[in-house]
Protein chains: 2
Amino acid sequence: MGEKWVLMKTAQTPTNIAVIKYWGKRDETLILPVNDSISVTLDPAHLCTTTTVAVSPAFQQDRMWLNGKEISLSGGRYQNCLREIRKRAREVEDKERGIKIEKKDWEKLHLHIASYNNFPTAAGLASSAAGFACLVFALAKLMNVSEDESQLSAIARQGSGSACRSLFGGFVKWIMGKEDDGSDSLAVQLVDEKHWEDLFIIIAVVSSRQKETSSTSGMRESVETSSLLQHRAKEVVPKRTIQMEEAIQNRDFASFAKLACADSNQFHAVCLDTLPPIFYMNDTSHRIISYVEKWNRSEGTPQVAYTFDAGPNAVLIARDRKAAAQLIQRLLFYFPPKSDTDLDSYLLGDKTILKDAGLEGLKDVEALSPPPENGSAQKYPGDVSYFICTRPGKGPVLLSNDKLALLDPETGLPK
Amino acid sequence: MGEKWVLMKTAQTPTNIAVIKYWGKRDETLILPVNDSISVTLDPAHLCTTTTVAVSPAFQQDRMWLNGKEISLSGGRYQNCLREIRKRAREVEDKERGIKIEKKDWEKLHLHIASYNNFPTAAGLASSAAGFACLVFALAKLMNVSEDESQLSAIARQGSGSACRSLFGGFVKWIMGKEDDGSDSLAVQLVDEKHWEDLFIIIAVVSSRQKETSSTSGMRESVETSSLLQHRAKEVVPKRTIQMEEAIQNRDFASFAKLACADSNQFHAVCLDTLPPIFYMNDTSHRIISYVEKWNRSEGTPQVAYTFDAGPNAVLIARDRKAAAQLIQRLLFYFPPKSDTDLDSYLLGDKTILKDAGLEGLKDVEALSPPPENGSAQKYPGDVSYFICTRPGKGPVLLSNDKLALLDPETGLPK
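Residues numbered from 1 in each chain as written. Chains lettered and ligands numbered in written order. Predicted model: local features only at pLDDT ≥ 70, side-chain atom pairs only at ≥ 80, totals over all residues. Heavy atoms only, no water.

Student: I would appreciate a short explanation of the overall build of chain A in the present structure.
Tutor: In terms of regular secondary structure, chain A is built from 11 helices and 19 strands. Projected onto its principal axes, the C-alpha coordinates of chain A cover approximately 75 × 50 × 40 Å. Looking at chain A residue by residue over its 415 residues, the buried ones come to 58%. Across chain A, every contact between residues at least 6 apart in sequence was considered, and the portion connecting residues at least 24 apart equals 76%. As displayed, chain A has an accessible area near 16,800 Å², and 47% of this comes from carbon and sulfur atoms. (Helix = DSSP H or I, 4+ residues; strand = E, 2+ residues; numbered from the N terminus. Buried < 20%, exposed > 50% of the residue type's maximum accessible area, 1.4 Å probe, protein only. Contact = heavy atoms within 4.5 Å. Areas by Shrake-Rupley, 256 points an atom, 1.4 Å probe, with all protein chains shown as cover.)

Printed below as a string of structure tokens:
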């Protein structure tokens, strides 16, 4: 085995948004939840993490760079993922390059890891979910691990709970499991991304002056102090999960929207019932909910579902392209960009929806009429930082194009 | 019996703020709640309703004026109170004026009612609680009703649920009762206003652009749609009520504050768990909670309890005068008046607390240092409309001074 070679794999993994929420752990170290959860995977073209993992006998220690900056791997969550995936490493051979790594070599060899999010890390868009899923997926490929995605999800789960749901595309269920060792707490795909192609997803990244409680400490405090959390986990979520699976299988948008909105609201209710109370939604979040509720009622049947994670950002799921176009008209009416922002940098992701909405530029936004269900409504410029338009998307993929690798193939250091 | 005479009574009744919340009816018509609640009565010197009731053979119909404007008495809630109190009317004699009303006369005689709140009706300060309590109390005096305050509270309850708690001073418990006819759903005094004289109460009337859901329709929607409400009513509140009664009996502020804050938060959590969700608190409310929580933690033991009703206003209960002075310093630091508002119209009620806080004028407010527990904190001028400083107070009283009557003793019309 030569001393100079570097062996690399690069993977891309989506982020996901829960429509039945995960809130509360029954085991803090293994990251085992108090209830099942269900998520939709977002199109990695718009929101994803790319991770390159490399191994070389020349590496002196495990190192990692996140968005170009070296970070420590000493945390328990990284260590748990690295340990679990190393346990499952198998023999790897690259005959062309004359490289062979025996199963036992993996214990001594060090890794370099570089990870990059194609969206702002601080925007509260579940970057750790995509990140840990991508780390585990890329390492599994590098180390020729034979475990399937569900088994890998149980490893990614130990990095960040919701990461387990990023191992699949489409709609994904994280089964809470019963075992003390967490071996049955893993993700399964309910349907793939082609099952319900009508859906459009618009994310409103909401401006916030508040520093938010991290979801890790927030859910710990909820478990310890909320008298409603256990009731939710034991009595409410099990029924809701079954109903949500049915709604997804049947592409029943009315039921889907009702369940998703109710579950988002209940998660935030549990946060409010925590001591001291946790507020993730702000006045802008509340306004978005009110507008959606009013519009849905005026239409007689839901056009849009909303869901909010541990922050003020709204994730809005529209039943189809037409509803998405009407939604973006409404959103841009209430929350126009500040005067110094152009439309192109205010709506990211899939911009084709703008044409459907008849919005070619800022002038069209300014000319928008108040939504008919809300007469003469007030506008709040600046209260939304930007929007992202996306769709349900596919699961992790290995990138074969070496140009997309984040590490130099010679040095194993960030490019 | 002459045709010209007018017989009148004038009463003053306090408002009250629940520290264990009433949210949800099991009977909409009789106004029977799904759980017990506990309130503190506020000093009527600062927040009260004055009501004059008059009877005369010259009156052609029942009429009522609220804050000088005639309003309809045709609503079921007024009708229920009038019917119930008329049922209990007895013989009344004024020998001096030669007036005698037989028990049976009350069915034919008409009433004039004038009511006035010494605080802004629209401020969301439970004006209907004081109003219906005052109506029932004043009518009971006029009609020589022999029922005690608890029995009267069961009548006032049919006007507005929380009105039953305004029949007493100090701390009051509304017992939910078990009977279908509501006869045992009434208020009892836990302790009078002298029991815990240390307490100070500061109300922040929060500016709001939102139109709020009425508590009547809000609680109906919660009962129908919240999966957490029944759990709260059956499992959480019964234990909390016992603990709260103990805390009040023992003047145990730490327990009192913990329970009051938790119960306020849980009520708002249930509102959020309602479909569509109800938001009564806004970003300013959230900020006030965060400041109080941070300060309480920095002191090691609670200095202030907060509670919020069906609106964004904060009711802050300070453990003693010293804590109240420190609280008003903090509140005025974060929420100074707008530049065109003077301090005298920005802090209403008991202004003696300003001297304790060393705040004689706006210059002193501007010179306030950031609270030590919150370093360099942002200020939000204009986010609070005004403050009211008050204390726990006494129950309803009859006013013997005829000058305070709201109706003309000759005509029975508003003065």
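Student: Can you help me understand the pattern of salt bridges in this one?
Tutor: Where charged atoms from two side chains of opposite charge come close, those side chains can pair. Residues and elements named next belong to chain A. This structure, assessed with the given rule, holds 37 salt bridges over all chains. Two residues, Arg88 and Glu147, come together in a salt bridge whose shortest N-O distance is 3.6 Å. Taken together, the residues Arg88 in the loop between helix H1 (76-87) and strand S9 (92-94) and Glu147 in the loop between helix H2 (127-142) and helix H3 (149-156) connect sequence positions 59 residues apart. With relative accessibility at 27%, the residue Arg88 sits in the partly exposed group. Assessed through its relative accessible area of 23%, Glu147 is described here as partly exposed. Among the charged side chains, a salt-bridge network with shared partners connects Arg83, Glu84, Lys87, Arg88 and Glu147. (Salt bridge = Lys/Arg side-chain N within 4 Å of Asp/Glu carboxyl O.)

Student: Before we go on, may I ask you to explain the interface of chain B and chain A in this structure?
Tutor: One frequent convention defines the size of an interface as the accessible area lost when the parts assemble. The interface of chain B with chain A comprises 31 residues on the first partner and 31 residues on the second. Linking chain B to chain A there are 8 residue pairs in polar contact (both at pLDDT 80 or more). Elements with a minimum of two residues in the side of chain B that touches chain A: helix H5 (229-249), helix H6 (253-272) and helix H7 (283-299) of chain B. Taken together, the residues of the side of chain B that touches chain A sort by class into 13 nonpolar, 10 polar and 8 charged. (Polar contact = N/O pair within 3.5 Å; in protein donor to acceptor, adjacent residues only side chain to side chain. Nonpolar A, V, L, I, M, F, W, Y, C, P; charged D, E, K, R; others polar.)

Student: So what exactly am I meant to see when it comes to the packing of helix H1 (residues 76-87) of chain B against helix H3 (residues 149-156) of chain B here?
Tutor: Working note: a packed helix pair is described by the angle between its axes plus the distance between those axes. All names here are of chain B. One can describe the packing of H1 onto H3 by two numbers: an axis separation of 9 Å at closest approach and a directional angle of 145°. Taken together, the residues of H3 that come into contact with H1 (itself represented by Cys81, Glu84 and Ile85) are Leu152, Ile155 and Ala156. Partitioned by chemical class, the residues of the contact of H1 with H3 number 5 nonpolar, no polar and 1 charged. (Axes fitted to C-alpha atoms, helices over the stretch in contact; angles between N-to-C directions.)

Student: Could you clarify how one ought to interpret the nonpolar core in this entry?
Tutor: If you look at soluble globular proteins, the nonpolar side chains tend to sit buried side by side. Counting 152 residues, the largest nonpolar core has Phe256(A), Leu332(A), Phe387(A), Phe256(B), Leu332(B) and Phe387(B) as the members making the most contacts within it. For Phe256(A), the residues in contact, after removing those within four places along its chain, are Val19(A), Phe171(A), Trp196(A), Met244(A), Ala247(A), Ile248(A), Ala305(A) and Ile317(A). (Core = buried A, V, L, I, M, F, W, Y, C linked by side-chain atoms within 4.5 Å.)

Student: Before we go on, may I ask you to explain the domain arrangement of chain A in this structure?
Tutor: Residues and elements named next belong to chain A. As assigned here, chain A comprises domain 1 (7-195 + 399-404) and domain 2 (200-390). Look at where the C-alpha atoms of domain 1 and domain 2 centre, and you get two points 28 Å apart. Taken together, the 29 residues of domain 1 in the interface contact 42 residues of domain 2. Both sides together, the interface formed by domain 1 and domain 2 hides about 3,000 Å², and carbon and sulfur atoms give 68% of it. Three residues stand out in domain 1 for area buried against domain 2, namely Lys21, Trp23 and His195, and they jointly supply 29% of the buried area on that side. (Domains from an automatic or database assignment. Buried area = accessible area lost by both parts, 1.4 Å probe.)

Student: Explain unusual backbone geometry here, please?
Tutor: The phi angle of most residues is negative, glycine excepted, and most peptide bonds adopt the trans form. Residues and elements named next belong to chain A. Each neighbour pair has its own omega, and for Leu275 with Pro276 the value is -10°, a cis peptide bond. The phi dihedral of Arg251 is positive, around 45°, even though this residue is not glycine. Position of Arg251 among the secondary structure elements: in the loop between helix H5 (229-249) and helix H6 (253-272). Classification of Arg251 as partly exposed rests on a relative accessible area of 46%.

Student: Sorry, what's going on with the relation of the copies chain B and chain A here?
Tutor: Both copies of the chain are tied together by a single rotation about an axis and a shift running along it. Expressed as a screw operation, the relation of chain B to chain A combines 0.0 Å of axial shift with a rotation of 180°, fitting to an RMSD of 0.0 Å. Within this description, the copies of the chain are treated as partners about a two-fold rotation axis. Relative to the rotation axis, the C-alpha of Ala269(B) is the closest in chain B, positioned 2.1 Å from it. Counting the interface residues of chain B, we find that 100% of their copies in chain A are interface residues as well, pointing to one common contact surface. (Least-squares fit on C-alpha atoms with pLDDT ≥ 70 in both.)

Student: Would you mind going over the sheet that holds strand S1 (residues 7-14) of chain A with me for this structure?
Tutor: All names here are of chain A. Here we have 6 strands laid out as an open sheet, ordered S8-S7-S11-S6-S1-S19, and mixed in their pairing. Two strands in the sheet have a free side with no partner beyond their single neighbour: strand S8 (69-71) and strand S19 (397-398). Bridge count between strand S6 (residues 48-56) and strand S11 (residues 110-117): 8 bridges; the pairing is antiparallel. Note that in S11 the partner of Thr49 across the bridge is Asn117. Contacting strand S7 (63-66), S8 and S11, H1 runs over the sheet at an angle of about 125° to S11. Contacting S1, S6, S11 and S19, H2 runs over the sheet at an angle of about 35° to S6. (Pairing = 2+ DSSP bridges.)

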